[in-house]
Amino acid sequence: MNSGIFYATTAFLCWGLFPLYFHAIGEVPPMQILAHRMLWSLLFLVIVLSVRQQWKWLPKVLQQPRVLMSFVASALLLTANWGVYIWSVNNGHVIDASLGYFINPLVNVLLGLLVLKEHLRRGQWIAIAVAAGGVAWLTWQSGQLPWIALILGMTFGGYGLLRKTAALAALEGLSLETMILFPLALVYVLWLSFHGENTFINTPHNSTRWLLAAAGPITAIPLLLFAAGARKIPMAVLGLIQYVSPTMQALLGVWVFHEAFTADRMIGFLIIWAALILYVAEGLWAGKRAK
């Protein structure tokens, strides 16, 4: 239990610090960061799988078209999530990005209702309704939907849904997704190099090259820590710990990147936070009642 809490908390602390990493390589266009993240992640994962001698799963999966197609879908959702997140951080929308991961648990509940035909308890319905009110308030105040938060919440929710029903564990699943994305990333980086637009080659800063190469372990290690922690602790505990990441991102957006956090924006966030508190409290109460 204690080791599980440590692994999960470490994973969410790493994810909470991601805005600092992407800001440090702000000279690199978001699409190039995304491509390098795919390339270096695969290299790191190949090393991990080779050290662990954990390749027996791959030939079997390649003979299962339905499994492959599910991972193509999850890889595309992960790419969309990464791309929007990187763009939002590098364009001064860290707070909007954090909102996406705050609403993600409620998106998961909604997807469970629509896709898995799960039945929602009254408290869960109320939490979703309150969160929808918060989104409506933010939309009315800004004059547009909080599209960054909604895209991030929905793509990560869809990704989580596919991985929940996937046939592979965390390490193998992430490796397969990265293998699927690798050809596209490689072709894009080669095209950039041919046209003299590859920032990895052109940048005068060695630190940028090292940080791009570090995208592999920076991407994979938190996911592996999360998987290890999730196996050891109850879902209720994991659900509480997961708010460490968006909270850190929101604080970084305000204190480090000095993004505007007006009173109207604060009201919208407070409504959504109230929905999350209601969601967590209802889950704890339901779990206690079941016992």
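Residues numbered from 1 in each chain as written. Predicted model: local features only at pLDDT ≥ 70, side-chain atom pairs only at ≥ 80, totals over all residues. Heavy atoms only, no water.

1. Quick notes on the overall build of the protein
Move 1: Summing up its helical and strand segments, the protein has 15 helices and zero strands in all.
Move 2: Relative to the globule expectation of 19 Å for 291 residues, the C-alpha radius of gyration of the protein, 20 Å, shows essentially globular dimensions.
Move 3: Judged by the C-alpha coordinates and their principal axes, the protein covers about 55 × 45 × 35 Å.
Move 4: Across the 291 residues in the protein, those meeting the buried criterion constitute 44%.
Move 5: Sequence-distant contacts, at least 24 apart, represent 85% of the contacts inside the protein between residues at least 6 apart.
Move 6: In the structure as shown, the protein presents an accessible area of about 15000 Å², 71% of it carried by carbon and sulfur atoms. (Helix = DSSP H or I, 4+ residues; strand = E, 2+ residues; numbered from the N terminus. Rg over C-alpha atoms; globule rule 2.2 N^0.38 Å. Buried < 20%, exposed > 50% of the residue type's maximum accessible area, 1.4 Å probe, protein only. Contact = heavy atoms within 4.5 Å. Areas by Shrake-Rupley, 256 points an atom, 1.4 Å probe, with all protein chains shown as cover.)

2. Points about helix α7 (residues 122-142)
For an α-helix, the turn length of 3.6 residues means that residues three or four places apart are oriented alike.
Move 1: With 21 residues, α7 should reach 30 Å at 1.5 Å per residue; the first-to-last C-alpha distance of 31 Å fits that figure.
Move 2: Listed in full, the buried residues belonging to α7 are G123, Q124, A127, I128, A131, G134, V135 and L138. Axial view of α7: buried residues confined to an arc of 140°, hence all on one face. For α7, the exposed residues lying more than 90 degrees away from the buried face are R122 and W140.
Move 3: Summarising the contacts, the buried residues of α7 are in contact with α6 (94-114), α8 (147-164) and α15 (263-290).
Move 4: Once α7 finishes, G143 follows within two positions and takes phi at roughly 85°, a positive value. (Expected span 1.5 Å × (residues − 1). Arc of directions from axis to C-beta.)

3. Focus on the side chain of T79
Move 1: Take T79: it is sitting in helix α5 (residues 65-90).
Move 2: By relative accessible area, T79 is classed as buried at 17%.
Move 3: In contact with T79, other than residues within four places in its own chain, are L34, M38 and L181.

4. Remarks on the side chain of S88
Move 1: The residue S88 is located in helix α5 in this model.
Move 2: Separated by 2.7 Å, the side chain of S88 and the backbone oxygen of Y85 make a polar contact.
Move 3: Once residues lying within four places of it in the same chain are set aside, the contact partners of S88 are H93, V94, A97 and I148. (Polar contact = N/O pair within 3.5 Å; in protein donor to acceptor, adjacent residues only side chain to side chain.)

5. As for the nonpolar core
Soluble globular proteins tend to pack their nonpolar side chains together in the buried interior.
Move 1: Counting 51 residues, the largest nonpolar core has F22, I25, W57, Y85 and L152 as its most contacted members.
Move 2: Top contributing element to this core by residue count: α5, with nine residues.
Move 3: For Y85, the residues in contact, after removing those within four places along its chain, are W15, F18, P19, F22, A97, Y101, L152 and Q249. (Core = buried A, V, L, I, M, F, W, Y, C linked by side-chain atoms within 4.5 Å.)

6. Examining the packing of aromatic side chains
Move 1: Enumeration over the complete set of coordinates arrives at 16 aromatic pairs.
Move 2: Between W15 and F226 the ring centres are 5.9 Å apart and the planes differ by 50°, which places this aromatic pair in the tilted class. Separated by 211 residues along the polypeptide, W15 in helix α1 (residues 2-16) and F226 in helix α12 (residues 215-230) bring together distant segments of the chain.
Move 3: Residue class for F226 comes out partly exposed when judged on its relative accessible area of 28%.
Move 4: Look at W87 and W147: their rings are 5.7 Å apart centre to centre, the planes differ by 40°, and that puts the pair in the tilted class. Within this pair, whereas W87 is found in helix α5, its partner W147 is found in helix α8, the two being separated by 60 residues in sequence.
Move 5: Here W147 falls in the partly exposed class, since its relative accessible area comes to 39%.
Move 6: Taken together through their ring pairs, the aromatic side chains of F18, Y21, F22, Y85, Y101, F156 and Y159 make up a single cluster. (Phe/Tyr/Trp six-rings, centres within 6.5 Å; stacked < 30°, edge-to-face > 60°.)

7. A word on the pattern of salt bridges
Move 1: Following the criterion strictly, the structure yields two salt bridges and no others.
Move 2: The residue R265 makes a salt bridge to D96 at a minimum N-O spacing of 2.6 Å. With R265 in helix α15 and D96 in helix α6, this residue pair connects regions lying 169 residues apart in the sequence.
Move 3: Between E282 and R121 there is a salt bridge, with the nearest N and O atoms lying 2.5 Å from each other. (Salt bridge = Lys/Arg side-chain N within 4 Å of Asp/Glu carboxyl O.)

8. Considerations on the UniProt feature "domain: EamA" (unreviewed entry) in the protein
Move 1: According to UniProt, the "domain: EamA" (unreviewed entry) feature falls on residues 3-139.
Move 2: Taken end to end, residues 3-139 is 83% helix and 0% strand, and its first and last C-alpha atoms sit 41 Å apart. (UniProt positions renumbered as here; feature names shortened; annotations may be inferred.)

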